[in-house]
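# An overview of the molecular structure
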Amino acid sequence: MSESKSVAQAEISQNLGELQHSPDVDVDSAETQEWISSLEYVLQSKGPERVKFLIDQLRDRAAEEGVPLSSDTSTPYVNTIPPHEQPAYPGNRELERRIKSIIRWNAMAMVVRANKRPGGVGGHISTFASSATLYEVAFNHFFQGRGEDGYSGDSIYFQGHASPGMYSRAYLEGRLSDENLDNFRRELAPGGGLSSYPHPWLMPGFWEYPTVSMGLGPIMAIYQARFNEYLNDRGIKDTKGQKVWAFLGDGECDEPETLGAIGLASREKLDNLIFVINCNLQRLDGPVRGNSKIIQELESIFHGAGWNVIKVVWGGEWDELLARDTTGLLAKRMNEVVDGQYQKYTSMPGSYIREHFFGKYPELLELVKHLSDEKLEKIRRGGHDPEKVYAAYHRATTLNNGKPTVILAKTVKGYGLGEAGEGRNVAHNQKKMNEAELLEFRTRFGIPISDEKVGDAPFYKPPTNSNEIKYLKERRESLGGPVPSRPTEHPTLEVPSLDEFRKLIGKLEDKECSTTFAVVQMLTAMCRDKKIGKYVVPIVPDESRTFGMEGMFRQFGIYAHAGQLYEPMDSDQISFYKEAQDGQILEEGITECGSMSSFNAAGTAYSCHGVNMIPLYIYYSMFGFQRVGDSIWAAADMRAKGFLVGGTAGRTTLNGEGLQHQDGHSLLNAIAFPTVRAYDPAFAYEVVVIIQEGLQRMYADGEECMYYITAENDPYMHPKMPEGCEEGIIKGMYKFNSREVDGAKARVQLFGSGAILNSALKAQEILAEKYNIASDVWSVTSYTLLRREAHSVERWNRLHPTETPRKSYLEEVLEGVEGPFISASDYVRALGEQLTPWIPGDYYVLGTDGMGRSETREALRRHFEVDAESITIAALGRLAKAGTFEAADVAQAIKDLDYDPDKVDPYFA
């Protein structure tokens, strides 16, 4: 007995690499055969739909009788589409194979060449190597391009690590040059480079959706498909011919965002959505489900969620074996072996596969005795067989049964890389190949590069008049043009002027309300506006009533693809919960990530659909940048437009809710997002001015940015709008008022933002009445925008030393202003401290560093030291430091203001 034979038998005896199944004992095999024969008769005479009906009836009847049924929602580990149901392949298989081989080579060469340069900038070979067939079949036969109008194509969320393959195809199409490919991951190189992954911000005429932050692509695709239905149902655009594709890896399904919203897709009947999961059985470091089977697991999950599931497990070479196997042992053996063992087979010779896979059952050894070891080694997995992939795509795009579809395609990670990484745990990080490996790759895929040159990994492109290039271009032209692609010129939208909102500003003057109320009033006015009303997309994650939006339910309706199939319990009330097929509000349920995905879909409608949609997403501010900052970063990357509103904002403004709800840092987080213009308005008129300016900038002027506006729930009186303050509101600050004092001892400048501006105004009165100190109160609407502009001016001056220095807006408005300067906001001190280099005098910042807690607003503001008394003491202390106020008088003031000088530091409390 050979050594390998004994090893095989030892493995079998230990059940290594196999799933353990409890045997089902058939106590009456004759009866079982009668049932099976009956099923086969019905199938042959009346078809599969009748079989399905009868099985459903039996299942329901058994459940009525209390019979516990198996909860297994997976099917045998074979292809969903049997050979006799496969449509004929319509393309030129040989030309497509040649094209795919060339694309494989250039994708690999990009990464290898990049890593030969100093610095080794990286890249990934193995993901595209495993998914090349999945992409190429779609490129040649299914992906719809943008068409003549530029906005009629499919939305495709490419798997981020597969980007070299997309670049390689674009290179053959003539959309990218040799220099571009040579500068892969060197975007600052002369001549222009290529971004590592899909990044629309960096390549605005190429990529549409950033997907490499794993899990975001799938959830964004789901909400994109739903948004397409939203546009159609509201009569804004006919999107019925547009599909949404999402390509992802099996390991990516461990991300909660990947599978977290698949129930929405089936509930909303999104049969315009197709997931393609590249099941190469490998994560970044090792097997996805080494001890089980990821395809079976995913099949159960998606079946349970109501999706169509199409498995592409085995290549066509297996069809003949399965057809010849009358015992059912082959399908059984396929189901027994776990994924970790299948990966082992990938890197082993045919003799090992014969003995370890087929060798368990003598009947299976007999089944393959006519196949050589070399043939067994080369039998493909389904994801590498174009005919199997085409059949899956054809079914997915023609089902139209009201269900989304997932295709589970089994592949080999690093397919074609041989010893360099095919099916190995190192495959994901494979970036380099030696000359022998390059020679093997070249020979395997028939690339016409000489032995002498192959070590340089040169790019290869057939002549323009070659059959390969002509075929590739003809296929894309027939499907509507190249993908991915994104237009760089977009339609604009006429928006209402500020004067058209003056009536709303007047309505909110001398009214006690919160800035959240002001935002909702502005949103309502926008939805009613004749110019932009139908394009406004209110988005909220199941907190409409928290933000006072319930009045919008009846006016505009909550979007539901199926309409409202019930009578709401509050139908007798004015603000009843109204769902409608043409509803305008996206009330997403308790999902910030889902809501943000809707924002991204609406915010990029201008580039995807040629329609300027205006999303306004309002949410608990604590659960924005902190919880779904990655989604907001993706929005910035994909050049989304719209308004993010952090409702119930501020560390001390949301009283009673406690630590996990009180936001004192979202504005600090927003600093890092270059396309986000962040504001903390104090008064209703500031809210209106900011939003109107955002409408003008984003939709009339076409700027690709977002606005983040904090909105508090603290009700207070809102004053009339001071004359001429519009510029200051937009740029970040303006003087709100001054308090003069006869014979004043000194003058201070008080900066206030949001609800804390009222603390500054109260401190102004205390300083004047008790301490004979004059002051100016400034409303600082955006520390971040002030700092950005000041930094930009400073940088220009630094780089243009011989030219007349420029002045920032901050320096201009504070020129000649007498300090000290005291800043107070409901956010961490670092927010205000951004301005330190540009303040012309002593500058001291108060903020809400530390953990929140449940209390009244008054108690919280004293705790965090941003109330009027804290501002007063800070002002007196800075005056004492400057020698214009006595230290003893400051101590007395602390006592007079009933302030505990030994109170705990809130930062550590």
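Residues numbered from 1 in each chain as written. Predicted model: local features only at pLDDT ≥ 70, side-chain atom pairs only at ≥ 80, totals over all residues. Heavy atoms only, no water.

### Some points on the sheet that holds strand β17 (residues 746-752)
Within the open sheet, the five strands sit side by side as β16-β18-β17-β19-β20. Their pairing is mixed. Edge strands, defined here as strands with exactly one partner in the open sheet, are β16 (733-739) and β20 (843-846). In this sheet, adjacent strand axes meet at a mean angle of 20 degrees when their direction is disregarded. Examined bridge by bridge, β17 and strand β18 (residues 773-780) share seven bridges and lie parallel to one another. In the sheet register, Arg-747 faces β18, and the bridge partner there is Ala-774. (Pairing = 2+ DSSP bridges. Helix = DSSP H or I, 4+ residues; strand = E, 2+ residues; numbered from the N terminus. Axes fitted to C-alpha atoms, helices over the stretch in contact; angles between N-to-C directions.)

### Describing the UniProt feature "binding site: Mg(2+)" (unreviewed entry) in the protein
The UniProt record annotates "binding site: Mg(2+)" (unreviewed entry) at Asp-250, Asn-280 and Gln-282. Over a stretch of 33 residues, the named residues converge on one spot in the fold, their C-alpha atoms separated by at most 7.5 Å. Positionally, Asp-250 belongs in the loop between β2 (244-249) and α9 (256-259). Those residues in contact with Asp-250, other than ones at most four positions away along the chain, are Ile-277, Asn-278, Cys-279, Asn-280, Leu-281, Gln-282, Val-288, Ile-294 and Leu-298. A polar atom in the side chain of Asp-250 sits 3.3 Å from the backbone nitrogen of Asn-280. (UniProt positions renumbered as here; feature names shortened; annotations may be inferred. Contact = heavy atoms within 4.5 Å. Polar contact = N/O pair within 3.5 Å; in protein donor to acceptor, adjacent residues only side chain to side chain.)

### As for the packing of helix α5 (residues 126-141) against helix α21 (residues 467-478)
Relative to each other, α5 and α21 sit at 65 degrees, their axes nearing to 7 Å. Counted together, Ala-138, Phe-139, Asn-140 and His-141 of α5 and Tyr-471, Arg-475 and Arg-476 of α21 form the full contact between these two elements. Broken down by class, the residue content of the contact of α5 with α21 amounts to three nonpolar, two polar and two charged. (Nonpolar A, V, L, I, M, F, W, Y, C, P; charged D, E, K, R; others polar.)

### Let's talk about the pairing of strand β4 (residues 308-312)
Of all five residues that make up β4, five are buried, and the element is covered over most of its length. Of the two faces of β4, the one lined by Asn-308, Ile-310 and Val-312 and the one lined by Val-309 and Lys-311 are each fully buried. Inspection of the sheet shows β4 paired to strand β5 (residues 405-410) by five bridges, in the parallel sense. Counterpart to Ile-310 in the pairing with β5 is Ile-407. (Buried < 20%, exposed > 50% of the residue type's maximum accessible area, 1.4 Å probe, protein only.)

### Quick word on the confidence of the model for the protein
Of all residues in the protein, 96% have pLDDT values of 70 or greater, and the mean over the chain is 92. Every residue in residues 1-8 scores below 50 in pLDDT, and together they form 10 contacts with partners more than four places removed in sequence or on other chains. (pLDDT = per-residue confidence, 0-100.)

### Some points on a negative patch on the surface
A grouping of Asp-26, Asp-28, Glu-31 and Glu-34 is seen on the molecular surface, where their side chains present a negatively charged patch. Residue position: Asp-26 is located in the loop between α1 (3-14) and α2 (29-46). (Patch = residues over 30% accessible without salt bridge, like charges linked within 9 Å, V, L, I, M, F, W, Y side chains within 5 Å. Areas by Shrake-Rupley, 256 points an atom, 1.4 Å probe, with all protein chains shown as cover. Salt bridge = Lys/Arg side-chain N within 4 Å of Asp/Glu carboxyl O. Lys, Arg positive; Asp, Glu negative; His and termini not counted. Charge placed at Lys NZ, Arg CZ, Asp CG, Glu CD.)

### Side note on the layout of surface pockets
The volume enclosed by the largest pocket comes to roughly 2,100 Å³. Taken together, 43 residues line the largest pocket, and the ones lying closest to its centre are Pro-48, Lys-52, Thr-75, Thr-80 and His-303. For the lining of the largest pocket, the secondary structure elements donating two or more residues are α2, α3 (48-64), α11 (294-304), β4, α12 (317-324) and α18 (386-398). When residues in the lining of the largest pocket are grouped by element, the largest group, seven residues, is from α3. Among the residues making up the lining of the largest pocket, the classes are represented as 19 nonpolar, 12 polar and 12 charged. Looking at which domains feed residues into the lining of the largest pocket, each of domain 1 (93-315 + 380-448) and domain 2 (316-379) gives three or more. (1 Å grid on protein atoms, 1.4 Å probe; cavity = no way out; pocket = protein on both sides within 12 Å on 5 of 7 lines; lining within 4 Å. Points joined across faces, edges and corners; volume = space filled by probe spheres on them. Domains from an automatic or database assignment.)

### A closer look at a positive patch on the surface
A cluster of basic side chains, namely Lys-503, Lys-507, Lys-511 and Arg-528, defines a positive patch on the protein surface. Its place among the elements puts Lys-503 in helix α22 (residues 502-508).

### As for unusual backbone geometry
In this structure, the amide linkage connecting Val-483 to the following residue, Pro-484, adopts the cis form with an omega of -5 degrees. Structurally, the position occupied by Pro-484 is in the loop between α21 and α22. Phi is positive for Asp-898, which is not a glycine, with a value near 55 degrees. Mapped onto the elements, Asp-898 comes out in the segment after α37 (887-896). A relative accessible area of 64% means that Asp-898 is categorised as exposed.

### Thoughts on the sheet that holds β4
Read from one edge to the other, the open sheet built from five strands follows the order β1-β2-β3-β5-β4, with strand pairing classed as parallel. The strands lining the two open edges of the sheet, one partner per strand, are β1 (155-157) and β4. Pairwise comparison of adjacent strand axes, ignoring direction, gives a mean angle of 15 degrees for this sheet. Each of β2, β3 (273-279), β4 and β5 touches α18; the most contacted strand, β4, lies at about 170 degrees to it.

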